[in-house]
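# Inside the fold
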Amino acid sequence: MLAARLLAFGVATFALLVSTLAGASPVRLWHAYRGEEQRALEALVASGAAGEVELLAVPSDAFAAKLGAAIPLGEGPDLFIDAHERLGDYVRQGLVAELPFDPAAFAPSAVRGVTLAGRTYGIPLSRKCVALYVNRDLVLSHPEWLEDLASSVRSPLASGYVLLAYENRSAYYHAPWLTAFGGELLAEGDRFGFVGERAERSLELAKNWLDRGWVPSNADGALVAQLFRSGRAAFAISGPWLAGDLHSESLRYDVVPLPKVRVTGLVMRPMLTIEAVMASPRGARRPEALKLATWLASREAAGERMRRAHVVSARTDVELPADPVLRGFSAAADSAVPMPTSTAMRAVWEPSEKAIRKVLNGTLDPRSALREAQRRFDDVRRPPPPPASRTPLVIAIGAALIAAALALVRRARDPVFRAEVRASVPAYRYVIHAALVLVLLVFGPLCAGAAISLTAGRPGDSVYVGLANFWAILSARGGPLFASGSFYCVLAVTVAWTLLNVACHLALGLTLGVLLSRPVLRMKAVYRVLLILPWAVPSYVTALAWKGMFHRQFGAVTALLLRARAFGVDVEPIDWFARFSTAFAANVATNVWLGFPFMMVVTMAAMTSLPREVLEAAEVDGATRWQRFTKIVVPLVRPSMIPAVALGAVWTFNMFNVVFLVSGGEPDGQTDILVSEAYRWAFTRQAQYGYAAAYSVLIFGLLFGATRLSDWFRRKAPL
Amino acid sequence: MLLAAVAFALYPVLWVVALAFSSHQTPEPRLLPLPEGPTLAHVREVVGAGRHLADGQEQWLFGRQLLNSLAVSTAAAVVGILIAIPAAYALARFTFVGKRAGVSALLATQMFPAVASAIPLYIVLDALHLLDSRMGLVLCYSTTSVPFAIFQLRAAFEAIPVDLEEAAMVDGATRFEAFIRVVLPAARPAIAVTALFAFMSAYNEFILAATLLGKEEMFTLPVVLQRYIGEHDANWPAFAAGALLVSAPVMALFYWAQRHLVAGLTAGAVKG
Amino acid sequence: MASVAIERLGKRFGATTVLEGVDLAIPDGAFAVFVGPSGCGKSTLLRLIAGLERPTEGVIRFGERDVTALEPRERDIAMVFQSYALYPHLTVRENLAFGLKLKKLPPREIDARVAEGSRMLGLDALLERMPKQLSGGQRQRVAMGRAIVRRPGLFLFDEPLSNLDAALRGQVRVEIRKLHESLGTTSIYVTHDQVEAMTLADVMFVLNRGRVEQFGAPLDVYARPKTRFVAGFLGSPSMNFLDGTLAFEEGAWSVEVAGQRILLGEKSFGGLVRGRAVTVGVRPHDLTVERVPFGGLALTLTFVEELGGESYAYAFVDGSPFVVRLEERVSVKAGDTLHVAVAADRVHLFDRETGLSLRC
Ligand SMILES: Nc1ncnc2c1ncn2[C@@H]1O[C@H](COP(=O)(O)OP(=O)(O)OP(=O)(O)O)[C@@H](O)[C@H]1O
Ligand SMILES: [Mg+2]
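Treat the numbers as computed from the prediction; the structure is a model and nothing was measured.

### Here's the deal with the overall build of chain C
- When you go through chain C residue by residue, the secondary structure sums to 8 helices and 20 strands.
- Considered along the principal axes of its C-alpha atoms, chain C spans approximately 80 × 45 × 35 Å.
- Out of the 360 residues belonging to chain C, those deemed buried represent 51%.
- Within chain C, residue pairs in contact and separated by at least 24 positions form 64% of the contacts whose partners lie at least 6 positions apart.
- A total of about 16400 Å² of accessible surface is found on chain C, and carbon and sulfur atoms cover 50% of it.
- Between the mean site of the 45 positive side-chain charges and the mean site of the 44 negative ones, chain C shows a separation of 6 Å.

### Observations concerning the site of ligand 1
All names here are of chain C.
- Close contacts around ligand 1 come from Phe13, Val18, Ser38, Gly39, Cys40, Gly41, Lys42, Ser43, Thr44, Glu159 and His192, and that covers them all.
- In this structure, an oxygen atom belonging to ligand 1 sits 3.2 Å away from a side-chain N or O atom of Glu159.
- Considering ligand 1 on its own, with 630 Å² of exposed area, one finds that the protein chains cover 57% of that surface.
- Broken down by element, the residue count for the shell around ligand 1 peaks at 3 residues, all from helix H1 (residues 42–50).
- Of the residues assigned to the shell around ligand 1, the class counts are 3 nonpolar, 6 polar and 2 charged.

### Some details on the domain arrangement of chain C
- Domain annotation of chain C identifies domain 1 (4–226) and domain 2 (240–351).
- Distance from the C-alpha centre of domain 1 of chain C to the C-alpha centre of domain 2 of chain C: 40 Å.

### What about the arrangement of the chains?
- Pairwise contact counts over the 2 pairs of chains in contact peak for chains A and B.
- The closest approach of any C-alpha atom in chain A to one in chain C is 10 Å; the two make no contact.

### Points about the pairing of strand S7 (residues 131–135) of chain A
Residues and elements named next belong to chain A.
- Here S7 lies mainly inside the structure; 5 of its 5 residues are buried.
- In this sheet, strand S11 (residues 233–238) lies alongside S7 in antiparallel orientation, the contact comprising 4 bridges. Bridge pairing links Tyr133 to Ala236 in S11.
- Taken together, the 4 bridges between S7 and strand S12 (residues 253–256) define a ladder with antiparallel strand orientation. By the bridge assignment for S12, Asn135 is matched with Tyr253.

### A closer look at the interface of chain C and chain B
- In this complex, chain C contributes 19 residues to the contact, which on the side of chain B involves 17 residues.
- When chain C packs against chain B, the two sides together hide about 1700 Å² of surface, and 64% of this comes from carbon and sulfur.
- Looking at the side of chain C facing chain B, the largest losses of area belong to Arg73, His89 and Leu102 of chain C, adding up to 33% of the total buried there.
- Summed over the shared surface of chain C and chain B, the number is 3 salt bridges.
- Of the charged contacts in the structure, one is a salt bridge between Asp171 of chain B and Arg146 of chain C, with a shortest N-O distance of 3.7 Å.

### Thoughts on the pattern of salt bridges
All names here are of chain A.
- The tally for this structure, following the rule as stated, stands at 49 salt bridges over all chains.
- Between Lys358 and Glu372 there is a salt bridge whose closest N-O contact spans 2.6 Å. Here Lys358 is found in helix H14 (residues 346–361), whereas its partner Glu372 is found in helix H15 (residues 366–381), with 14 residues between them in sequence.

### Comments concerning the packing of helix H16 (residues 391–413) of chain A against helix H17 (residues 415–451) of chain A
Residue and element names in this part refer to chain A.
- Viewed as axis vectors pointing N to C, H16 and H17 meet at an angle of 90°, and their least axial separation amounts to 5 Å. Regarding the angle of H16 to H17, the classification is roughly perpendicular. Across from Arg411, Ala412 and Arg413 in H16, the residues of H17 making contact are Pro415, Phe417 and Arg418.

### Topic: the side chain of Ser142 of chain B
- If you trace the backbone, Ser142 of chain B turns up in helix H6 (residues 134–158).
- Discounting residues that sit within four places of it in the chain, Ser142 of chain B has contacts with Ala76, Val79 and Gly80 of chain B.

### Description of helix H2 (residues 92–102) of chain C
Residues and elements named next belong to chain C.
- For H2, the buried fraction is high: 8 of the 11 residues fall into the buried class.
- All buried positions along H2 are accounted for by Val92, Asn95, Leu96, Ala97, Phe98, Gly99, Leu100 and Leu102.
- Positive backbone phi, at 60°, marks Lys104, one or two positions downstream of H2.

### Some remarks on helix H3 (residues 107–121) of chain C
Residue and element names in this part refer to chain C.
- Taking 1.5 Å per residue as the helical rise, H3 with its 15 residues ought to reach 21 Å, and the 21 Å between its terminal C-alpha atoms agrees with that figure.
- Turning to H3, its buried residues are Ile110, Arg113, Val114, Gly117, Ser118 and Leu121. Buried positions in H3, seen along its axis, are confined to an arc of 125° and lie on one side of it. Exposed positions of H3 whose direction lies more than 90 degrees from the buried face are Arg108 and Arg119.
- Those residues of H3 that are buried are in contact with H2, helix H4 (136–148) and helix H5 (166–183).
- In the segment just after H3, Gly122 is the residue with positive phi, at about 70°.

### Focus on the packing of aromatic side chains
- Counted according to the given criterion, the structure contains 45 aromatic pairs over all chains.
- With a centroid separation of 5.4 Å and 35° between ring planes, the pair formed by Tyr430 of chain A and Phe94 of chain B is classed as tilted. Of the two residues, Tyr430 of chain A sits in helix H17 while Phe94 of chain B sits in the loop between helix H3 (62–93) and helix H4 (99–109), which places them in two different chains.
- Every member of this aromatic cluster is reached through a ring pair, and the members are Tyr430 of chain A together with Tyr89, Phe94, Phe157, Phe176 and Phe179 of chain B.
- Here the guanidinium or amino end of Lys260 of chain A rests over the ring plane of Trp145 of chain A, the centre of that ring lying 5.2 Å away.

### Brief notes about unusual backbone geometry
- In this model, Ser236 of chain C is joined to Pro237 of chain C through a cis peptide bond whose omega is -5°.
- With respect to the element layout, Pro237 of chain C can be found in the loop between helix H8 (228–233) and strand S11 (240–249).
- Residue His310 of chain A is not a glycine yet carries a positive backbone phi of 55°.
- Relative to the assigned elements, His310 of chain A resides in the loop between helix H12 (299–309) and strand S16 (312–313).
- The exposure class of His310 of chain A is partly exposed, given its relative accessible area of 33%.
- A positive phi angle, close to 45°, is found at Arg209 of chain C, a residue other than glycine.
- Topologically, Arg209 of chain C is positioned in the loop between strand S9 (203–208) and strand S10 (211–216).

### A closer look at the sheet that holds S7 of chain A
Residues and elements named next belong to chain A.
- Ordered by their spatial adjacency, 4 strands build an open sheet running S8-S11-S7-S12, and the pairing between neighbours is mixed. On the outer flanks of this sheet lie strand S8 (162–165) and S12, each paired with one strand and no other. When the angles between neighbouring strand axes are averaged without regard to direction, this sheet yields 15°.
- Packed onto the sheet, helix H13 (residues 324–335) meets S7, S11 and S12 and runs at close to 20° relative to S12.

About the criteria used
Residues numbered from 1 in each chain as written. Chains lettered and ligands numbered in written order. Predicted model: local features only at pLDDT ≥ 70, side-chain atom pairs only at ≥ 80, totals over all residues. Heavy atoms only, no water. Helix = DSSP H or I, 4+ residues; strand = E, 2+ residues; numbered from the N terminus. Buried < 20%, exposed > 50% of the residue type's maximum accessible area, 1.4 Å probe, protein only. Contact = heavy atoms within 4.5 Å. Areas by Shrake-Rupley, 256 points an atom, 1.4 Å probe, with all protein chains shown as cover. Lys, Arg positive; Asp, Glu negative; His and termini not counted. Charge placed at Lys NZ, Arg CZ, Asp CG, Glu CD. Near = heavy atom within 4 Å. Polar contact = N/O pair within 3.5 Å; in protein donor to acceptor, adjacent residues only side chain to side chain. Nonpolar A, V, L, I, M, F, W, Y, C, P; charged D, E, K, R; others polar. Domains from an automatic or database assignment. Pairing = 2+ DSSP bridges. Buried area = accessible area lost by both parts, 1.4 Å probe. Salt bridge = Lys/Arg side-chain N within 4 Å of Asp/Glu carboxyl O. Axes fitted to C-alpha atoms, helices over the stretch in contact; angles between N-to-C directions. Parallel < 35°, antiparallel > 145°, perpendicular 65-115°, else oblique. Expected span 1.5 Å × (residues − 1). Arc of directions from axis to C-beta. Phe/Tyr/Trp six-rings, centres within 6.5 Å; stacked < 30°, edge-to-face > 60°. Lys NZ or Arg CZ within 6 Å of the ring centre and 35° of its normal.

Laid out in structure tokens, this is it:
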């Protein structure tokens with residue numbers, strides 16, 4: 001995800017605009033639909049009503065990146081279907097062209113959603129928002145008021161049942177609670193909206209529901225789905241995607257718009273996402289593409305899509321099928337608020353969710369939590385540093401070039417050096433192609449990436465700011481040096497993370513490697529393969545599996561703890577990601593699991609070069625197994641292990657996947673390491689690529705300095 | 001001890017297996033990762049994935065995509081190894097001006113967070129007209145695997161006695177012939193293992209593939225896999241089933257290579 | 001077949017000079033041995049001849065051909081390495097055929113030569129094995145076979161026997177000599193083992209610190225060492241050295257050593273100057289035990305080794321160790337005093353400063 005978005009930015013920043021007008025080629029349409037929606041679209045296109053179309057289903061994670069990469073190069077689609085909230089970005093990057101249409105037949109909110117500065121970019125297709133799912137087996141009537149949910153249940157809920165399942169830690173799902181108090185996440189003029197009395201009251205209410213045990217703590221989408229599906233939630237707040245999950249079940253349920261809140265009398269209005277067909281600049285010039293877009297948004301196509309994929313159309317002139325779920329969502333969409341398209345919205349999520357979590361965990365009162373969130377938002381939205389004069393850079397580069405040239409000239413005069421160069425020619429014949437390829441495809445891009453660290457601003461309008469980014473990082477953005485989230489604090493976490501991981505990798509890898517090297521071991525091959533397994537499975541898959549195992553209520557680790565309770569050990573299931581220590585431990589456990597096979601194999605390799613006689617001699621001399629391990633094996637394999645350990649340390653230092661996928665930095669970004677912090681600056685905080693690049697350069701500097709230093713200490717480095 | 005370690009290693013994998021064969025969409029909490037209501041539906045869903053064509057026919061995609069994955073990764077591993085081998089040999093056997101600097105630079109590539117280079121890489125590929133092609137993907141994968149491969153192979157070559165090459169040269173070979181006919185065969189296990197690593201990293205890569213490839217019939221499997229996870233909803237069982245299918249060839253390779261793994265690494269990985 | 005001539009050959013590795021001003025000539029068909037202590041540059045010299053290293057200066061000729069700048073493969077040589085350097089991925093047969101295949105000989109010819117070579121060395125039963133399935137001695141044979149089948153103009157051996165046990169070493173040594181006699185190919189053999197050097201060589205080159213100290217037929221070199229180094233290097237146990245001063249009394253030359261005197265006889269030769277500081281060299285084998293003390297050395301024995309057929313008696317003279325070989329069983333023991341004498345023409349004299357022999 002990280003690189004993909006970075007790619008999008010990069011292409012927007014660097015790429016030349018090459019437009020090629022393809023002649024009679026089919027219209028290219030990209031989408032991220034899956035399942036029913038994909039089949040519906042395929043069927044529509046296959047009906048041939050709109051000429052020849054080339055469809056491409058892109059993973060949603062890569063969608064924006066792919067557009068950003070391809071369209072400026074004239075390679076991308078003519079049309080694409082995406083959510084309206086990305087329009088702000090797309091318009092700024094010039095990825096999308098104006099697409100006028102007759103708004104009469106469309107829901108006003110949908111038209112508003114695709115309108116930026118008075119122009120429409122894309123024709124709305126469907127509307128998606130969350131609604132209230134009601135389990136008819138548990139609930140007597142559909143309550144109009146939120147406060148009545150509890151009393152509308154048939155009988156008191158048994159333990160293991162919840163009243164309302166929703167992802168209470170997500171800002172997206174909290175938004176309806178906020179609107180019920182008249183608040184909004186992003187206020188007029190791109191100001192942070194999630195502060196003040198309304199916001200505080202919404203949080204107090206959510207916290208109150210949590211404290212009463214009416215909503216599950218720590219719920220994510222999978223848990224909500226699971227609770228409702230298994231009939232253990234009376235109500236759930238979720239989107240149409242949950243309905244897709246319920247097809248196969250014999251559950252009797254309804255979908256209705258979200259209720260009102262009695263204290264304010266206002267409706268809980270969810271956020272509305274409008275899916276629209278948008279045109280790239282090239283597509284906007286192709287009549288057949290425009291024809292296709294219009295047809296996709298036509299009444300006929302909308303009806304077809306509703307029937308096949310059960311999505312709420314953005315049109316108001318389509319007859320709703322009898323499907324009650326669809327009708328429920330349609331009603332919900334009518335009251336929903338379109339998601340802001342402003343790019344400032346991107347900076348809202350992270351601080352808001354941190355605040356919500358802190359309040360729900362009880363670590364902070366709503367007022368302080370929201371104030372902190374606002375500070376964070378403002379900090380991120382801080383205007384970029386002023387453009388700096390380029391003169392120092394030019395002088396520095398010039399001086400470096402001149403110095404290098406002088407040194408080269410001096411050395412070129414030196415006959416010894418010339419002889420050496422001449423003697424090197426045969427070697428150069430072996431390295432030349434590798435050097436070329438690496439310079440072109442590895443070093444060049446790396447240097448270019450590093451150069452971004454001298455700029456600020458968002459892609460498209462970045463300016464040169466000199467070392468301002470570095471200064472901001474190293475001065476902890478003007479705050480206390482060791483505040484949570486400051487460079488130094490994150491660095492300390494990163495170092496601890498690296499040391500702990502490498503130590504565990506080493507301990508486990510050494511032990512297993514030595515055990516597996518015993519000549520008498522039976523079924524050695526079987527053990528070897530089974531233990532190498534973590535290495536062979538893609539790491540993003542297993543990282544997600546681990547996250548699932550640490551789930552508070554449903555994870556296997558929790559099940560294990562519960563099982564332990566049966567044996568008299570009293571342990572409460574804990575919320576692994578609510579505290580630093582446990583979240584960090586979960587990360588470490590995952591990474592140890594991923595990394596120990598490498599150390600194990602390296603140990604086994606080192607052991608093969610260890611003469612067996614030495615161990616036998618030690619045994620004859622009366623050394624115990626442990627003594628043999630510590631006194632003979634460890635010192636002897638050490639020299640061949642050191643480089644592997646160093647490499648492992650470097651990899652761990654930059655181990656983005658695990659931290660990002662398992663703890664995601666929780667709680668409150670405390671378990672973030674430098675790389676994931678850099679990622680946040682690039683992608684969740686206003687696309688501050690220059691700042692993120694400065695982080696990368698600092699990471700590189702730290703690692704390079706550290707290895708140089710240890711080389712210098714060891715004086716061995718056979719470079 | 002070993003059994004405990006095996007349990008530790010297998011447990012999460014078994015979870016993925018359980019998920020892949022469960023009939024439910026979301027996992028139940030339980031200690032033992034056994035599939036509930038065992039079903040092959042998800043596997044069938046993944047394997048049978050195809051698309052409608054304009055003429056109303058279904059086109060089967062999974063097979064093609066599997067082939068793509070295998071072809072791209074194999075090509076990437078081969079190209080990467082071919083680039084790395086002579087360079088590693090030169091580093092192992094020759095002294096030359098710039099060697100130290102070159103090795104430091106190689107080491108440095110491992111330290112720079114890879115994400116930072118993705119952007120400009122894209123532009124280079126564009127300049128080479130390799131966007132949206134399997135060729136470009138092969139080039140990217142092979143070059144990213146080159147530095148590590150060079151380190152591995154350099155150590156492997158260093159472990160081969162110089163005598164062997166000299167004997168070949170006295171026997172009438174040129175230096176290059178000696179390298180091809182004596183050093184390379186002697187380093188076969190290390191080369192195989194290094195190639196396996198290169199293959200694996202290419203085979204599991206998703207981001208570049210998703211961004212570079214513009215046709216469904218060109219997608220590699222991880223891209224397809226990622227498609228099962230939407231923005232709001234995720235088809236986890238299908239994802240898990242796909243993950244297993246994707247991992248299967250790698251596991252087979254590992255199983256086949258496990259005996260060489262240690263031999264290949266003896267000189268290899270232990271020398272960063 | 002070729003003779004080898006080397007002129008003013010020098011080799012430096014960076015700042016360290018390994019060989020300097022080496023001149024030598026090896027006649028066609030001769031078996032030459034380079035011998036010298038460890039690190040003296042024997043291997044380096046051999047590798048220069050093989051073309052595996054480039055000299056810093058000087059010329060190497062095979063016959064009339066200047067090969068200094070040629071690649072190893074262009075020199076028509078074969079080499080047997082100390083480690084044998086068998087190609088681990090090839091069978092014995094393929095190892096033997098490797099060089100022939102590179103030469104693109106017709107397959108029939110290759111088969112014939114491999115068959116002939118393996119017959120000569122008794123490798124027939126091993127042809128399909130891999131090197132790691134062979135014993136040390138068998139590997140050594142394969143290495144030699146690989147050289148032989150190529151029928152080169154020059155054989156090079158770098159300590160080929162040093163990895164074998166003592167018994168096998170003696171046996172293979174004899175075989176190598178026999179092979180040389182049947183093939184007649186010029187050979188250069190590097191060793192630090194003087195027994196190998198003495199028994200194998202037609203012409204022996206003693207190297208020290210990157211220079212040729214002396215060369216010639218082994219027995220000549222043994223009998224008339226030109227320098228103290230050569231004298232000390234050849235012979236086992238090695239020569240006894242004592243520091244002394246030349247004296248001329250009653251018409252006879254002698255050397256005074258720690259108050260005792262070693263007679264040199266009346267015959268005068270160059271370099272005999274009264275009062276000159278010299279080092280006397282006497283081989284343990286050249287000493288005879290005197291019943292009656294006369295013009296010899298009186299030794300107080302510290303230790304006696306009896307080997308059955310012969311004995312060695314150890315003592316210190318003027319602080320230097322001194323060994324005497326006793327032929328018949330002389331019943332002496334530590335603490336005894338022994339009088340020994342040496343025939344005047346068996347006394348080697350070296351200048352104490354330069355180490356050069358005074359006799360030539
Ligand atoms: N490539 C090299 N670089 C620097 N010095 C070298 C190199 N090769 C050899 N030398 C040095 O040259 C000297 C002679 O080495 P050489 O191998 O010729 O000795 P040798 O006579 O064969 O000794 P040995 O009997 O132990 O094999 C040694 O001091 C060695 O350290
Ligand atoms: Mg030597």
